Amino acid sequence: MTPTAPLQPLLDAAVIVLEAPTQVWSDDAGSMGSAPIHGIYHGDVRQVRALETTVDATTLESIGWSSPTPQRVLFTDVLRGLDDESADPKVRLDRDREVTAGSFTERIRISSHLHATTAVGITVQLTPDFAPMQLVKAGMGTDAVWTWDGRTCRSGDASFTLAAPGAVVASDGERLTLRWDLGLSPRGTETVEWSLDLADTTLVVTAPAQPAAAQLPETADPRAARWLEQASADLAALRLATPEHPDDAFYAAGAPWFFTLFGRDSIWAARLGLAADPSIAASTLRVLGRMQGTAHDASTAEAPGKIPHELRSGALILPGEGVHLPPLYYGTVDATPLWVCLLADAHDAGMPDDELRGFLPTLRGALDWMIEHGDASGSGFIDYADESGHGLANQGWKDSGDSIQWRDGRLAEGPIALSEVQAYAYEAAVRGAVLLEKLGEPGADELHAWAAELRTRFRDAFWVTTEEGRYPAIALDAHGGAVDTLTSNIGHLFGTGILDPDEERVCADLLAGDSMSSGYGIRTMSTGAAGYWPLSYHGGSVWTHDSAIAVHGMLRSGLDDDARAIARQLLDVAEGFDYRVPELHSGDARVPGGRPVPYPAACRPQAWSAAAAVVCAQALA
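Everything numeric here is computed off the predicted structure, so don't read it as measured data.

Asker: Explanation requested: the overall build of the chain in the structure shown.
Answerer: Tallying secondary structure elements over the chain gives 13 helices and 26 strands in all. Over its C-alpha atoms the chain spans a radius of gyration of 26 Å, differing by no more than 12% from the 25 Å that the globule rule assigns to 621 residues. Projected onto the principal axes, the alpha-carbon positions of the chain cover approximately 85 × 60 × 50 Å. Burial status across the chain gives 57% buried among its 621 residues. Long-range pairs, those at least 24 residues apart, make up 65% of the contacts in the chain between residues at least 6 apart in sequence. For the chain, the computed accessible surface area is about 23,500 Å², with 50% contributed by carbon and sulfur atoms. Taking the average location of the 45 positive side-chain charges in the chain and that of its 84 negative ones, the two points are 4 Å from each other.

Here it is as C-alpha cells:
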C-alpha cells in the first residue's frame, strides 16, 4: 500500500481555548495527541504536542465540556473505577483549563461522595514538541531537540517554564511527568494545579496593552444577541499588537494558522465590526501604515505605497506547495485600496480631522500605488502576478491556486485583474478625493477623473453573458479575456459605486438564485460552473465574511431587503455552529430541518467571520 501523504489537520471536532498569541487545541475530553492539530501553541510554534491526565485504578469517562469564555474550558469526567457498588457515580474529576497571552493553567479537582477515604494518584504527562506552525499545517512532524533543566523546557528561541506545586516532576527525555499522591477524605475534595509560562523571543506580535472597548449593537433578536456576544468575545481574544506599539491593537486573522497581522483580513474585520468598535479601525490603520512599502522588491512583492499582506516571525514555507514567503510579505492586491476605504469609514464614524491629517502621508502613498504601480501589466486595471516564483499565485482574498477559473473549469492565466479589486479601487479613489478635499489638499480632481475612467473601462471589459445571465466576470486574464464564471465576487461590488442601481439589482438577483444561494449564505462559485464542488475552499463553499461583505454593500446601496435576507441565512449558520461561526462551511443546499455542513479544515474563530455578526445585526435591526 502506498503511504499516505501528509494531510492538513482537520479542525471541526477539536476544542480550542485562546488568547492571542496563545492557543490550545484538544479533543472534547481535554486530552491532546490523538489528532494532528492538538497541542499548546504560542506564536507560530507548537510547544507541547500531547497531554494526558490519568488517575490510578480507573479510567476517565468524559461526561461533558463547556467553554464559558474563549479563554476557558471546563472538562468533567466520572471515575467509576473508584466507586462503590451503587448506581450513581460517586467520584468525579473536573479540569478547569484557562489560557491568557503567554500562559496555560489547569486546575484539577477530584471530588468524592463516598463514605471512606480514598487514595488517589493523579498523573499528567506532557510531550514537548516545538514544531513550527507551517509543519503542523502541512501535517508533518518535527525533529526539534529540546532541553529540560528541571524547571524550563527550551528549544531554540521558544521555551516554557513549568510550575506544579506539590507534584513530583520527572523527564525521560521524551516527555515530562507530573505526579500527585493524595488522600481523598469522605465526601471531600482535593485540588491540584499546574501551569506553563510560554515564551518566544522572536515574536513580532504580542497582546495589546489596553482591553477591548467594543460596544455591541442593540438587537431584539435573541439569536442575534447570542451571536454578537460570542463574536465580541472571540474578537477580543483575537486582538494583537506589535511589541513596539502595544497601544495599537488589530485583529489577528484567525486560529490556528493566522495568529498574526494580515492586511486584508485585519482591515475587513475592523470594517465589518466598525459599529461595535471604531477605535480598532484607527489603530489597524496605524499598524499597517507603519509597514507601508517604500521600494520595489520582487522577492517580497513590496512596492512604494503598498500595504502589506502578512507579518511573521520568520519565513513561511509551505511544504509541497512551492510557496516561500518572507517574514513581511506584500503579496496582496486589495489591502491598499481597502486601507483607504477603512480610513474613509473611520472618518465617517467620527475620526477627528486632526487625527485624519496624521494619516495623510500613508493615504497619499496608497492612492499613488493604485494609480502608478497597481497596473503592473498595462491592462488599465489593478492586477497582480507573482514575480518571485515562490509567492502566492493568487493575491486577492480567494488566494488558493485554483480559485480563478473559467466557467468550463480552466484556470485563468495571470496577470489577473479581479473584479472586486477594481471596485475597491474606484471607491478608494472617490472617497480618497473627498478626504483630500476635507483636508484642503490638492489632487482630488485627478482622483475623480481616474475613478470615472476606471468605471467606464470596467463596464466595457468585465460584463459577460452566459447561460446564467449577464454579470461581471470574476476577473480579466493575461490576454484581457473576461473569466466568465459566476462567483460571489460580484457581492463585493455593492456600495462601492462602480455599478449603477440597475446593475446592482441584477447582481442581487443572481446571488439570491438557486445556483449561488445555498440557503446558508452565498456560494463562492455557482453550481453551474464546471469547477463547482461544495467542499472546495474557494470553488463552491460558503464564507461567512464573503456573504457579510455583500450585506455591508447592500445596506450602503439601499438594498435593505436583500441584505436582510442574507443576514437571516447567516444567523441560521451561526445557530448551526453554536454561534462561533467558522472560516467557511460547505456549499451544500439547505435541507429543511438540517444544519450547515462543516468544512472540516475551517479555522475558528476567524476575525472577519466574527465581525460579520455586527453588520448582520445592523441588517436585521
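Asker: Mind showing me how you'd approach the packing of helix 5 (residues 335-348) against helix 8 (residues 419-438) here?
Answerer: At a closest axis distance of 8 Å, the pairing of helix 5 and helix 8 adopts a crossing angle of 45 degrees. The orientation of helix 5 relative to helix 8 falls into the category oblique. Both helix 5 and helix 8 take part in a crossing whose hand is left-handed. Contacts between helix 5 and helix 8 involve Pro337, Leu338, Val340, Cys341, Leu343, Ala344, Asp345, His347 and Asp348 on the former and, on the latter, Tyr424, Ala425, Glu427, Ala428, Arg431, Gly432, Leu435 and Lys438. Looking at side-chain class alone, the contact of helix 5 with helix 8 contains 10 nonpolar, 2 polar and 5 charged residues.

Asker: Please explain the pattern of salt bridges as it appears in this structure.
Answerer: Opposite charge on two side chains permits them to pair, given that their charged atoms come into close proximity. Evaluation of the coordinates by the stated rule reveals 42 salt bridges. Notably, a salt bridge pairs arginine 175 with glutamate 174, separated by 3.6 Å at the nearest N-O pair. With a closest N to O distance of 2.8 Å, aspartate 334 and arginine 264 form a salt bridge. Of this pair, aspartate 334 sits in the loop between strand 21 (328-329) and helix 5 while arginine 264 sits in helix 3 (residues 263-272), placing them 70 residues apart in sequence. The burial state of aspartate 334 is the same as that of arginine 264; both residues are buried. A network of salt bridges, in which partner residues are shared, links Arg271, Asp345, Asp348, Glu427, Arg431 and Arg556.

Asker: For this particular structure, what's the right way to read the sheet that holds strand 2 (residues 22-26)?
Answerer: Paired through their backbone hydrogen bonds, the strands of a sheet run either parallel or antiparallel. Within the open sheet, the 7 strands sit side by side as 1-2-3-4-9-14-13. Their pairing is antiparallel. In this open sheet, the two strands that pair with only one neighbour each are strand 1 (15-19) and strand 13 (168-171). The average angle at which neighbouring strand axes cross in this sheet is 20 degrees, direction not considered. In the sheet, strand 3 (residues 39-42) pairs with strand 4 (residues 45-55) via 3 bridges, with the strands oriented antiparallel. Its bridge partner being in strand 4, tyrosine 41 is matched across the sheet by arginine 46.

Asker: Looking at this model, I keep getting lost on the packing of aromatic side chains. Mind explaining?
Answerer: The way to describe two aromatic rings as a pair is by their centre distance and the angle between their planes. Across all of its chains, the model carries 11 aromatic pairs by this definition. Between phenylalanine 458 and phenylalanine 462 the ring centres are 4.6 Å apart and the planes differ by 20 degrees, which places this aromatic pair in the stacked class. In this pair, phenylalanine 458 and phenylalanine 462 both sit in helix 9 (residues 444-462), 4 residues apart, roughly one turn of the helix. Judged by centre distance (5.9 Å) and plane angle (45 degrees), the ring pair of tyrosine 537 and tyrosine 599 falls under tilted. Note that tyrosine 537 is positioned in the loop between helix 10 (501-512) and helix 11 (544-557) and tyrosine 599 in the loop between helix 12 (560-576) and helix 13 (607-620), a separation of 62 residues in sequence. Looking at tyrosine 537, the relative accessible area reads 26%, which means it is partly exposed.

Asker: Is there a simple way to think about unusual backbone geometry in this case?
Answerer: Backbone phi values are negative for most residues with the exception of glycine, while trans is the configuration of most peptide bonds. Residue proline 21 is reached from alanine 20 by a cis peptide bond, and omega for that bond is 10 degrees. You can see proline 21 is positioned in the loop between strand 1 and strand 2. The omega torsion of the bond from arginine 604 to proline 605 falls at -10 degrees, within 30 degrees of zero and hence cis. Take proline 605: it is sitting in the loop between helix 12 and helix 13.

Asker: Sorry if this is basic, but what is going on with empty space enclosed by the protein here?
Answerer: The tally for this structure, following the rule as stated, stands at 3 cavities of 30 Å³ or more. Taken as a whole, the largest cavity holds about 50 Å³ of empty space. For the largest cavity, the full set of lining residues is Trp268, Arg271, Tyr424, Glu427, Gly491, His492, Phe494, Thr496, Ile549, His552, Gly553 and Arg556. Elements represented by at least two residues in the lining of the largest cavity include exactly helix 3, helix 8 and helix 11. When residues of the lining of the largest cavity are assigned to their parent elements, the largest contribution, 4 residues, is made by helix 11. Looking at the lining of the largest cavity, its residues break down into 4 nonpolar, 5 polar and 3 charged. Approximately 40 Å³ is the volume found for the second largest cavity. Lining the second largest cavity, in full, are Gly43, Asp44, Leu203, Val204, Val205, Phe259, Thr260, Leu311, Arg312 and Ser313.

Asker: Any chance you could explain the layout of surface pockets here in plain terms?
Answerer: Take a probe with the size of a water molecule and roll it over the atoms, and the empty space left behind shows itself. Each pocket or cavity is described by its volume, and for the largest pocket that value is around 920 Å³. In this structure, the largest pocket is lined by 41 residues; those nearest its centre are Lys137, Leu318, Glu321, Asp399 and Tyr537. Of the residues assigned to the lining of the largest pocket, the class counts are 22 nonpolar, 10 polar and 9 charged. In this structure, the second largest pocket spans a volume of roughly 650 Å³. Trp65, Phe577, Asp578, Arg580 and Arg604 are, among the 25 residues lining the second largest pocket, the residues nearest its centre.

Asker: Explain the nonpolar core to me, please; I cannot follow it from the model alone.
Answerer: Generally speaking, nonpolar side chains in soluble globular proteins are found buried as a group. Counting 158 residues, the largest nonpolar core has Trp227, Trp339, Leu343, Leu363, Met370 and Ile404 as its most contacted members. Here the element with the most residues in this core is helix 13; it accounts for 11 residues. Among all residues touching tryptophan 339, those that are not within four sequence positions of it are Ile267, Leu285, Leu288, Gly289, Ile307, Phe359, Thr362, Leu363 and Ala366. In this structure, Ile40, Val45, Val91 and Ile108 belong to the second largest nonpolar core, which totals 41 residues.

Asker: Any chance you could explain the sheet that holds strand 8 (residues 103-112) here in plain terms?
Answerer: Spatial strand order, 5-6-7-8-15-12-11-10: 8 strands in an open sheet with antiparallel pairing. Edge strands, defined here as strands with exactly one partner in the open sheet, are strand 5 (61-69) and strand 10 (147-148). Two strands pair when backbone bridges link them, and strand 12 (residues 158-163) and strand 15 (residues 189-200) are joined in this way by 6 bridges, in the antiparallel orientation. Counterpart to threonine 161 in the pairing with strand 15 is aspartate 197.

Asker: When you look at the pairing of strand 8 in this model, what are you seeing that I'm missing?
Answerer: The two faces of a sheet get side chains in turn, since along a regular strand they alternate between them. Burial runs high along strand 8: 8 of the 10 residues are buried. Relative to strand 8, strand 7 (residues 91-100) runs antiparallel, the two being bridged by 10 bridges. Paired with arginine 92 across the strands is serine 111, a residue of strand 8. Counting the residues that bridge the hairpin from strand 7 to strand 8 gives 2 residues, and of these glycine 102 lies at a positive phi of roughly 90 degrees. Judged from the 9 bridges that link them, strand 8 and strand 15 form a sheet pairing that is antiparallel. Looking at the pairing, serine 111 lines up with threonine 189 of strand 15.

What counts, and where the lines are drawn
- Residues numbered from 1 in each chain as written.
- Predicted model: local features only at pLDDT ≥ 70, side-chain atom pairs only at ≥ 80, totals over all residues.
- Heavy atoms only, no water.
- Helix = DSSP H or I, 4+ residues; strand = E, 2+ residues; numbered from the N terminus.
- Rg over C-alpha atoms; globule rule 2.2 N^0.38 Å.
- Buried < 20%, exposed > 50% of the residue type's maximum accessible area, 1.4 Å probe, protein only.
- Contact = heavy atoms within 4.5 Å.
- Areas by Shrake-Rupley, 256 points an atom, 1.4 Å probe, with all protein chains shown as cover.
- Lys, Arg positive; Asp, Glu negative; His and termini not counted.
- Charge placed at Lys NZ, Arg CZ, Asp CG, Glu CD.
- Axes fitted to C-alpha atoms, helices over the stretch in contact; angles between N-to-C directions.
- Parallel < 35°, antiparallel > 145°, perpendicular 65-115°, else oblique.
- Left-handed = near helix turned anticlockwise from the far one by under 90°.
- Nonpolar A, V, L, I, M, F, W, Y, C, P; charged D, E, K, R; others polar.
- Salt bridge = Lys/Arg side-chain N within 4 Å of Asp/Glu carboxyl O.
- Pairing = 2+ DSSP bridges.
- Phe/Tyr/Trp six-rings, centres within 6.5 Å; stacked < 30°, edge-to-face > 60°.
- 1 Å grid on protein atoms, 1.4 Å probe; cavity = no way out; pocket = protein on both sides within 12 Å on 5 of 7 lines; lining within 4 Å.
- Points joined across faces, edges and corners; volume = space filled by probe spheres on them.
- Core = buried A, V, L, I, M, F, W, Y, C linked by side-chain atoms within 4.5 Å.

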